[in-house]
Protein chains: 4
Amino acid sequence: MKFLSDNAASVHPEVWDAMRAADAPDSPYDGDGLSASLDEKMSSLFGRESKCLWVATGTAANCLALATMVQPHGAVVCHREAHIEMDEGGAPGFYLHGAKLLLAEGEGAKIDRGSVLDVIDPIRDDVHQVQPHAISITQASEYGRSYRPEEVAGLRALADERGLGLHMDGARFANAAAFLDLPAGEVAGQVDALSFGFVKNGGMSAEAIVFFDPALADVALYRRKRAGHLQSKGRYLAAQIHAMLDGDLWLSNGRAANAAAAEIATACGERLMHPVEANELFVRCTAAEREALRAKGFEFYDWGADAARFVTAWNTREEDARALAKAIADL
Amino acid sequence: MKFLSDNAASVHPEVWDAMRAADAPDSPYDGDGLSASLDEKMSSLFGRESKCLWVATGTAANCLALATMVQPHGAVVCHREAHIEMDEGGAPGFYLHGAKLLLAEGEGAKIDRGSVLDVIDPIRDDVHQVQPHAISITQASEYGRSYRPEEVAGLRALADERGLGLHMDGARFANAAAFLDLPAGEVAGQVDALSFGFVKNGGMSAEAIVFFDPALADVALYRRKRAGHLQSKGRYLAAQIHAMLDGDLWLSNGRAANAAAAEIATACGERLMHPVEANELFVRCTAAEREALRAKGFEFYDWGADAARFVTAWNTREEDARALAKAIADL
Amino acid sequence: MKFLSDNAASVHPEVWDAMRAADAPDSPYDGDGLSASLDEKMSSLFGRESKCLWVATGTAANCLALATMVQPHGAVVCHREAHIEMDEGGAPGFYLHGAKLLLAEGEGAKIDRGSVLDVIDPIRDDVHQVQPHAISITQASEYGRSYRPEEVAGLRALADERGLGLHMDGARFANAAAFLDLPAGEVAGQVDALSFGFVKNGGMSAEAIVFFDPALADVALYRRKRAGHLQSKGRYLAAQIHAMLDGDLWLSNGRAANAAAAEIATACGERLMHPVEANELFVRCTAAEREALRAKGFEFYDWGADAARFVTAWNTREEDARALAKAIADL
Amino acid sequence: MKFLSDNAASVHPEVWDAMRAADAPDSPYDGDGLSASLDEKMSSLFGRESKCLWVATGTAANCLALATMVQPHGAVVCHREAHIEMDEGGAPGFYLHGAKLLLAEGEGAKIDRGSVLDVIDPIRDDVHQVQPHAISITQASEYGRSYRPEEVAGLRALADERGLGLHMDGARFANAAAFLDLPAGEVAGQVDALSFGFVKNGGMSAEAIVFFDPALADVALYRRKRAGHLQSKGRYLAAQIHAMLDGDLWLSNGRAANAAAAEIATACGERLMHPVEANELFVRCTAAEREALRAKGFEFYDWGADAARFVTAWNTREEDARALAKAIADL
């Protein structure tokens, strides 16, 4: 029973179907009909004018989005444990041509006005120190916490005060939306660009960068090609995104994953290191306890010496979640 | 009847099958069994130790390969009409951190010892001029010409004399191999790295970078991640490559495309601008003639004012090729 | 008798004096009084609002100027033999983060509307090809030719039509101004930024980047520091520029160098490969003739197999120029 | 009485003399006799084969040195308050093409085996996390502390174990050497490259990068040109370095600055935040006390809300140092 990550789960049948349906030849790159109709569908979903570019990975999505907001001599403020800092192999340094990441603190891998100011206020306003150009937040966060609309609004206000861009890494946007039970536009808030993730949510190889400022999208089109991310059979990526948006599959998949996580959470009690607001659980347990769980067939990652991380996915079986919950309760 | 390009053709059924068969969860990124077994299969195909990395596009393959051979202060010698110069949106400048492309001449978009020396011999051996670090050739070339083994060997010898790396852009490697009717190892020759293309040959979204020097592959692993090209569900890319290699599907697809091109070529006579040694035809014809062909339902690109380009694919129907041949003959 | 280049000539006594006079401590970097007063002096010289940054080399000046106009995914159009292409060790690729140089043709290393259009008109307006962002011209050119005001105006008009920046490499701006006998503002025309050279004209280590658009200067301030070109004792660079501007020393030095070149030119007749419009002479002569000249004590560079290049400087002695003229006449 | 910084002090008379003596034309760039003889002089000083490149700033020296050791996908471990992190405007990101700085802790801005391991041991050995390629230390440190030979040796051993380069930022190397009273070779230890600073020590515009591995120097020669730091009248920089090395002027200047700092330190007692091991003093004092000192004519920087930084220079007058000591004692 796999609770390692949602990032290698199977592909949803509707996604497969949409890909197969896209098999007839069409114009290459993003000139096909499926790619062309994404803007409209995203605009409708988010309730404001949106431009949508597909790419194959969240790393590419995050970095291409940020590259439209941050000059090479600037910096991005993000959480110390943000994915762009911890797990993208230095991709921001590559895509932003040497721009820095400035690391802010915050409970649950979330940042706020105060923690951002702690980082940027000490920066002297001179050429000797790298100046911030953008803020990046993760929705849901790397510890499975969701930003409330007023929290995003607070960071938007700060970004506006300081002339900064605002980016949201939504690798698990669906899980945040399912948890918050709010329209996508409110979950995203007034960010300038959203990395809207599908791969962790039943897709195969398509993530969307959604720009709410068309001028940024114009730059990103060139940067995507330049990064080797403009696939010639792009229609297969567009098809995945359409499948996800149609009938709100993205949301029902997110809800399914969250429900499994919630089921497990009920058994964790005091063991939980973070409230479960998405599909990840960080659970205090000893090495012996982890061994016991693994002996029962559960696969998961250690989280340091004294904890484990469990991730559910769109296709986590109810009985597996219940079994894990019971096993944890029995520890 | 589409003769626009092979780059948007449908995906081969065996590729689809292999992807579906890969749907069960496995380790993420390139930790899955399918990815892990590519090295061995490539080593067997090329007859020497090979390391294989999948990426989604030929642009990424070319640039990641070159990035292992070229320092940021160096240069790559390639043909003036090489894909890396003409059609990759400046990706080499991005991946190589500002290294230059030095443009050599040559019939049929092929370069040779002489044309490379014409470019590099005038370069003063001082720090004021950018020094060459590698040579890149395209097999088959941008005009559908194939390098003979002795031609590749000649460039290898030159590269060795001058301490340069040698890269082969094999976006249409299968077509060259089918034309030359030689083992893959002889078609590739002693290059340091090969971009082995599958997308134009019935694949969906997987190209292989094959390194014949393991030290280069070690660098490329980091650079691939850093470029956002390490997909978490990499098994679906590995599956495509396996499908292509198993039973030499790559070769039979290449032969099919070439056969269609050869059929058309028989009707072109003096109109042919280049011998047909792969699956591309560059055909002299007037605007009126092109209009006549299009009126009959043929889709293709103009090639300047006085010619057309026709590209066949693995699934070009024989009757379509014959129809086009007849239509050209009737002009 | 040295006619190798003006780039290693002695420093003018007034420059030395100004540097010595700057020896008293002042604020570091560009916070000193001398640095602070450069803007005003340049504004007065050019007759429009100017921002002036000092740097140590022409390469840094050119590349920092261009970096304010060209995004990493764009390109600069310049002459095929422009200094930025031929002699800056790939610095544009470094400073522009991989942007390309697009090489235009033109008599005397000068470009014009037609030759620029020859380069940029064939570029497809899509993301697969690198788009031009700026034009760079050299005043006086690499062959010692000077752009007339209407020529610069023609390029300005083209730049405006196409939304491009316009940069002037003025490593020998003084020589062009001396030849054209026009105010500095007319010699520069309506470029966005000028690399105003002093090192070849009697300075030691100070070149000015003059921005006529303050927003570009704001970016350049950060980029200069980031490139390690913000010297802490910047007052010694500012002092050099002040010495050059005061009493129009820059212009009289340029006139002196040009006069020596003109003297030599009178003896060259048909041997001249280019009209002499600055302080460089490109003179047809055989290897034997060059040997004969060297035997008489003249130092200069070969220019290919059949020519020599002679460069005069602010301090070329009249008798040396006359001696060289005579020696050439005697060949 | 200026105690702001040593970075804007006057130029030493012997440096002026050497520059004037270099005024006769010689070969441009680093082809002149003065530049050519630096390697030998540095080899003699450090007691091992050394290659010396001049540049204009410490930022350029540090970043060019590191660029020879760190690939774009790697990282440099340095102290959290290292100059390369805090005060170089992001230059490492530029010169290293996006490589990261990994920030270690340590008393007095010094790092050691333990604090480096605290940073690098948690890095997973996979492509998702940026791997360290080099360590950089500052001698004397940003808080005026000097590394003892055994401390440098400890870091060298660690670097060897982990396959890392080792760089020393010696902007105030002279002050460390004067304090330690050891030969230069022991003060530098077995680092791979040293940024040997002269500008803060009586020079005008010349810093040396000393490579103890010739292969690194070969790369740096290209990178220096590419960064626009190869001045055509390089002999004036070489002359400064010769003046500094001849008769060990660098050392006597360092001793003079240290002596002044020691004089002041005697009056500081408990106020000292760090032992004074070079020419910088960090002194606890209230805003009112700082005001009192300024009222007496002392210029210096605040260091946060509760301290002041005083820096002495090669030419700090004894009476000024005594006066400051007395003023502090009188507080």
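Residues numbered from 1 in each chain as written. Chains lettered and ligands numbered in written order. Predicted model: local features only at pLDDT ≥ 70, side-chain atom pairs only at ≥ 80, totals over all residues. Heavy atoms only, no water.

Undergrad: What exactly am I supposed to notice about the overall build of chain A here?
TA: The number of helices and strands found in chain A is 15 helices and 10 strands. Taking 331 residues into account, the globule formula puts the C-alpha radius of gyration at 20 Å, and chain A, at 20 Å, falls close to it. Counting only contacts in chain A whose residues sit at least 6 apart along the sequence, the fraction spanning at least 24 positions is 75%. Placing the 32 positive and 48 negative side-chain charges of chain A at their respective mean positions leaves the two points 3 Å apart. (Helix = DSSP H or I, 4+ residues; strand = E, 2+ residues; numbered from the N terminus. Rg over C-alpha atoms; globule rule 2.2 N^0.38 Å. Contact = heavy atoms within 4.5 Å. Lys, Arg positive; Asp, Glu negative; His and termini not counted. Charge placed at Lys NZ, Arg CZ, Asp CG, Glu CD.)

Undergrad: Explain the sheet that holds strand 10 (residues 307-311) of chain B here, please?
TA: Remark on secondary structure: sheet strands pair via backbone hydrogen bonds, oriented parallel or antiparallel. The strand order across the open sheet built from 3 strands is 8-10-9 (chain B), with neighbouring strands paired in antiparallel fashion. What marks the edges here is a single partner per strand, and that holds for strand 8 (280-284) and strand 9 (301-302) of chain B. (Pairing = 2+ DSSP bridges.)

Undergrad: For this particular structure, what's the right way to read the pattern of salt bridges?
TA: If the charged atoms of two oppositely charged side chains come close together, the side chains can form a pair. All names here are of chain A. In the structure shown here, the tally under the stated rule is 104 salt bridges over all chains. Measuring nitrogen to oxygen at the nearest pair gives 2.8 Å for the salt bridge that ties arginine 224 to aspartate 30. Of the two residues, arginine 224 is situated in helix 11 (residues 214-226) and aspartate 30 in the loop between helix 1 (13-21) and helix 2 (33-36); the sequence distance between them amounts to 194 residues. Given a relative accessible area of 33%, aspartate 30 falls into the partly exposed group. (Salt bridge = Lys/Arg side-chain N within 4 Å of Asp/Glu carboxyl O. Buried < 20%, exposed > 50% of the residue type's maximum accessible area, 1.4 Å probe, protein only.)

Undergrad: Help me understand the nonpolar core in this model?
TA: Judged by nonpolar contacts, the single largest core of 132 residues is most densely connected at A:Phe196, A:Trp250, B:Phe196 and B:Trp250. Filtering out sequence-adjacent residues up to four positions away, B:Trp250 remains in contact with B:Leu45, B:Phe173, B:Ala174, B:Ala177, B:Ala184, B:Phe196, B:Phe198, B:Asn201, B:Met244 and B:Leu245. Ranked by size, the runner-up nonpolar core spans 131 residues in total, among them C:Ile135, C:Val210, C:Leu237 and D:Ala208. (Core = buried A, V, L, I, M, F, W, Y, C linked by side-chain atoms within 4.5 Å.)

Undergrad: Help me out: how do you make sense of the relation of the copies chain D and chain B in this one?
TA: For the pair of chain copies, the relating operation is a rotation around an axis with a shift along it. Least-squares fitting of chain D to chain B yields an RMSD of 0.0 Å, with the transformation described by 0.0 Å of translation along the axis and a rotation of 180°. Put plainly, the chains are arranged around a two-fold axis. The rotation axis passes nearest to the C-alpha of D:His97 in chain D, at a distance of 3.3 Å. By residue overlap, the copies meet face to face through one surface: 100% of the interface positions of chain D are interface positions in chain B. (Least-squares fit on C-alpha atoms with pLDDT ≥ 70 in both.)

Undergrad: I keep staring at the relation of the copies chain D and chain C and nothing clicks. Help me out?
TA: Overlaying chain D with chain C gives an RMSD of 0.1 Å, the required rotation being 180° about an axis along which the chain moves by 0.0 Å. Of the interface residues in chain D, 100% have counterparts in chain C that sit at the interface too, so the contact is made through matching surfaces.

Undergrad: Looking at this structure, I do not really get unusual backbone geometry. What am I missing?
TA: With the exception of glycine, most residues fall at negative phi, and the peptide bonds are largely trans. Cis rather than trans, the peptide bond between A:Gln139 and A:Ala140 has omega equal to -5°. One non-glycine residue, B:Asp181, lies in the positive phi region at around 55°. For D:Tyr29, which is not glycine, the phi torsion reads 60° and is therefore positive.

Undergrad: When you look at the interface of chain D and chain C in this model, what are you seeing that I'm missing?
TA: Listed per partner, the contact involves 47 residues of chain D and 47 residues of chain C. Counting the surface lost from both chain D and chain C, the interface buries some 3,700 Å², and carbon and sulfur atoms represent 56% of this. Run the count over chain D and chain C and you get 0 salt bridges. At the junction of chain D and chain C, the tally comes to 31 residue pairs in polar contact (both at pLDDT 80 or more). Elements represented by at least two residues in the side of chain D that touches chain C include exactly helix 1 (13-21), helix 4 (58-67), helix 6 (91-95), helix 11 (214-226) and helix 12 (235-245) of chain D. A class-by-class count of the residues in the side of chain D that touches chain C yields 20 nonpolar, 16 polar and 11 charged. (Buried area = accessible area lost by both parts, 1.4 Å probe. Polar contact = N/O pair within 3.5 Å; in protein donor to acceptor, adjacent residues only side chain to side chain. Nonpolar A, V, L, I, M, F, W, Y, C, P; charged D, E, K, R; others polar.)

Undergrad: I tried to follow the packing of aromatic side chains on my own but got confused; where do I start?
TA: Each pair of aromatic rings is reported with the distance of its centres and the angle of its planes. Applying the stated rule across the entire model yields 62 aromatic pairs over all chains. Seen from their ring centres, C:Trp16 and D:Tyr236 are 5.8 Å apart, and the 70° between their planes marks the pair as edge-to-face. Of the two residues, C:Trp16 is situated in helix 1 (residues 13-21) and D:Tyr236 in helix 12; the pairing between them involves two chains. Look at C:Trp16 and you get buried, because its relative accessible area is 1%. The class for D:Tyr236 is buried, based on a relative accessible area of 0%. Of the aromatic side chains, those joined through ring pairs into one cluster are A:Phe46, A:Phe173, A:Phe196, A:Phe198, A:Phe212 and A:Trp250. (Phe/Tyr/Trp six-rings, centres within 6.5 Å; stacked < 30°, edge-to-face > 60°.)

Undergrad: How do you make sense of the environment of B:Val15 when you look at a structure like this?
TA: Residue and element names in this part refer to chain B. In this fold, valine 15 is placed in helix 1 (residues 13-21). C-alpha of valine 15 to C-alpha of methionine 204: the two residues are 189 residues apart in sequence and 7.9 Å apart in space. Residues within four places of valine 15 in sequence aside, it is in contact with Gly202, Gly203, Gln240, Ala243, Met244 and Leu249.

Undergrad: So what exactly am I meant to see when it comes to the sheet that holds strand 1 (residues 51-55) of chain D here?
TA: All names here are of chain D. The strand order across the open sheet formed by 7 strands is 1-7-6-5-4-2-3, and the pairing between neighbours is mixed. Among the strands making up the open sheet, the edge pair consists of strand 1 and strand 3 (100-104). The mean inter-strand angle of the sheet, taken between neighbouring strand axes irrespective of direction, is 25°. Two strands pair when backbone bridges link them, and strand 4 (residues 131-138) and strand 5 (residues 165-170) are joined in this way by 5 bridges, in the parallel orientation. Across the sheet, serine 136 pairs through a bridge with histidine 167, a residue of strand 5. Lying over the sheet, helix 7 (residues 113-120) contacts strand 2 (74-79), strand 3 and strand 4, oriented at roughly 130° with respect to strand 3. (Axes fitted to C-alpha atoms, helices over the stretch in contact; angles between N-to-C directions.)

Undergrad: How do you make sense of the domain arrangement of chain A when you look at a structure like this?
TA: Quite often, the size of an interface is put as the accessible area lost when its parts meet. Residue and element names in this part refer to chain A. Entries for chain A in the domain assignment read domain 1 (13-247) and domain 2 (250-329). For domain 1 and domain 2, the distance between their C-alpha centroids amounts to 27 Å. Roughly 1,900 Å² is buried in total at the junction of domain 1 and domain 2, and carbon and sulfur atoms are behind 53% of that figure. If you sort the residues of domain 1 by the area they bury against domain 2, Tyr143, Arg172 and Asn175 come out on top, with a joint share of 28%. Linking domain 1 to domain 2 there are 4 salt bridges. For arginine 148, the salt bridge is made with glutamate 277, and the minimal N-O distance between the two is 2.8 Å. Seen at the junction of domain 1 and domain 2, the total is 11 residue pairs in polar contact (both at pLDDT 80 or more). Going through the elements one at a time, helix 9 (173-180) and helix 12 (235-245) are the ones with two or more residues in the side of domain 1 that touches domain 2. When residues of the side of domain 1 that touches domain 2 are assigned to their parent elements, the largest contribution, 6 residues, is made by helix 9. (Domains from an automatic or database assignment.)

Undergrad: What's the story with the side chain of C:His128 in this structure? I'm lost.
TA: As for its position among the elements, C:His128 is in the loop between helix 7 (113-120) and strand 4 (131-138). Exposure remark for C:His128: the relative accessible area of 11% places this residue in the buried category. Residues in contact with C:His128, not counting those within four places in the same chain, are A:Tyr29, A:Lys225, A:Leu230, B:Met86, B:Asp87, B:Glu88 and B:Gly89.

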